[in-house]
Amino acid sequence: MFQRIDFDPKQSRLAYVQIMAKLKILEFPDPRLRTKATPVDVVDDKLRALVDDMFETMYAASGIGLAATQVDVHKRLLVADVSADNDDPYVLINPEILEKEGTIVTDEGCLSVPGFYEEVERAEHIKVRFLERDGTEVKLEATGLLAVCIQHEVDHLDGKLFVDYLSEAKRQRIRKKLLKERRQQAAVIA
C-alpha cells in the first residue's frame with residue numbers, strides 16, 4: 001500500500017512511500033465503503049487480532065481513527081487514538097451514540113479520502129456505549145477531537161463518508177481528482 005505525502009500544498013508534486021501495514025485501506029469512491037456494518041456477535045481472539053491489525057494500519061497511515069469498513073470488514077468495530085504520542089488507544093465494538101450536545105466545526109480528513117480536508121460540523125460532546133476489547137460494556141463521554149473522531153468512524157460503519165457532508169460539486173471534484181491520481185500512480189508503478 002502507498003500513502004501520499006504532500007511536501008508543499010502549493011505544489012503538485014507528490015511522493016509516495018511504502019507502508020508496511022497489515023490491512024489495505026479502501027479509498028473513495030470504492031462502493032464497499034457504502035456497506036452498512038453488522039454487529040459483532042462474539043468478542044474473541046480473532047476479533048482482537050483484527051483490532052491489532054487495524055491499530056497497526058492506522059498508526060502506519062498517520063491516522064487517528066479507523067473503522068473496520070475502511071479495511072473491507074463490515075462489522076461494527078472501530079479503533080481510535082487522538083493522542084499526539086499514540087498512547088491513548090480506544091477500541092469501540094458495536095458503538096452506539098446515545099446523546100449528542102453542542103456543535104463544533106473542524107477540518108476533517110479521512111484515510112479513505114487521502115489528501116483532502118474540509119470543514120464539517122458535528123456534535124462537540126457525545127455519550128457513546130460500546131464493548132471494549134475484552135467484551136466489557138462501557139459508556140464514555142467524549143468531547144472535542146475524540147468526539148469528532150468517534151462520530152466520523154461511526155459514520156463509516158453506517159456507510160457514510162465525511163464527503164457526504166459536502167456539496168455535490170465538491171464531492172465530485174474530490175472523486176475526479178482521486179481517480180486521476182490513482183491512474184497516474186498505476187502508470188508510474190507499471
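Residue positions are given per chain, counting from 1 as you read along its sequence in written order. Only residues with pLDDT of at least 70 get local features here, since the model is predicted, and only at 80 or more are side-chain atom pairs given and counted; chain-wide, interface and lining totals rely on the full set of residues. Processing note: side-chain calculations cover all non-hydrogen atoms of the structure and skip hydrogens and water entirely.

A. The arrangement of the overall build of the protein chain in detail. The helix and strand tally for the protein chain stands at 3 helices and 9 strands. Along the protein chain, helices and strands appear, N-terminal first, in the series β-β-α-β-β-β-β-β-β-β-α-α. Whether a residue is buried, partly exposed or exposed follows from its accessible area with a 1.4 Å probe, protein chains only, as a fraction of its type maximum: under 20%, in between, or over 50%, in that order. Per-residue burial for the protein chain yields a buried fraction of 41% across its 190 residues. Taking the contacts inside the protein chain whose residues are at least 6 apart along the sequence as the reference set, 63% of them involve residues at least 24 apart. In DSSP terms, a helix is any run of H or I states spanning at least four residues, a strand is any run of E spanning at least two, and both are numbered starting from the N terminus. Throughout, a residue-residue contact means that at least one pair of heavy atoms, one from each residue, lies within 4.5 Å.

B. How the structure looks around the packing of aromatic side chains. Here the aromatic set is Phe, Tyr and Trp, taking the six-membered ring for Trp, and pairing holds for ring centres within 6.5 Å; pairs whose planes are under 30 degrees apart are stacked, those over 60 apart are edge-to-face, and all others are tilted. Counted under the stated rule, the structure contains 1 aromatic pair. Both rings, one in F55 and one in Y59, keep their centres 5.7 Å apart while their planes meet at 20°; by these two values the pair is stacked. Highlighted residues: F55 and Y59, both in helix α1 (residues 45–60), separated by 4 residues, approximately one helical turn. Here Y59 falls in the partly exposed class, since its relative accessible area comes to 26%. Definition used: whenever NZ (Lys) or CZ (Arg) falls within 6 Å of the ring centre and also within 35 degrees of the ring normal, the charge is taken to sit over that ring. One Lys or Arg, K160, reaches over the ring of Y165 and ends 4.2 Å from the middle of that ring.

C. Highlighting helix α3 (residues 168–189). Expected helix span is given by 1.5 Å per residue-to-residue step, counting one fewer step than there are residues. Helix length check: α3, at 22 residues, gives a terminal C-alpha distance of 32 Å against a target of 32 Å (1.5 Å per residue), a fit within 8%. For α3, every residue scored as buried is listed here: R171, I174, L178 and E181. All buried residues of α3 project into a common sector of 95° when viewed along the axis, lining one side. The outward face of α3, more than 90 degrees from its buried face, is lined by the exposed residues A169, K176, R183 and A187. To be clear, the arc concerns the directions from the helix axis to the C-beta atoms.

D. Just the sheet that holds strand β5 (residues 90–101), in detail. On the basis of which strands lie adjacent, the open sheet formed by 5 strands has the order β3-β4-β5-β8-β9 and antiparallel pairing. On the outer flanks of this sheet lie β3 (65–67) and β9 (137–143), each paired with one strand and no other. Taking each pair of neighbouring strands and ignoring which way they run, the sheet shows an average axis angle of 40°. By definition, two strands form a pair when at least two bridges between them are found by DSSP. Bridge count between β3 and strand β4 (residues 77–80): 3 bridges; the pairing is antiparallel. Residue pairing for β4: L66 is matched across the bridge by V79. Here the axes come from fitting lines to C-alpha atoms, over the contacting stretch only for helices, and the angles between their N-to-C directions go from 0 to 180 degrees. This element, α1, spans β3, β4 and β5 of the sheet and lies at about 40° to β4. Sheet contacts for helix α2 (residues 144–157): β3, β4, β5, β8 (125–131) and β9; angle to β9, the most-contacted strand, approximately 120°.

Treat this as a map of the structure, not an account of what it does.
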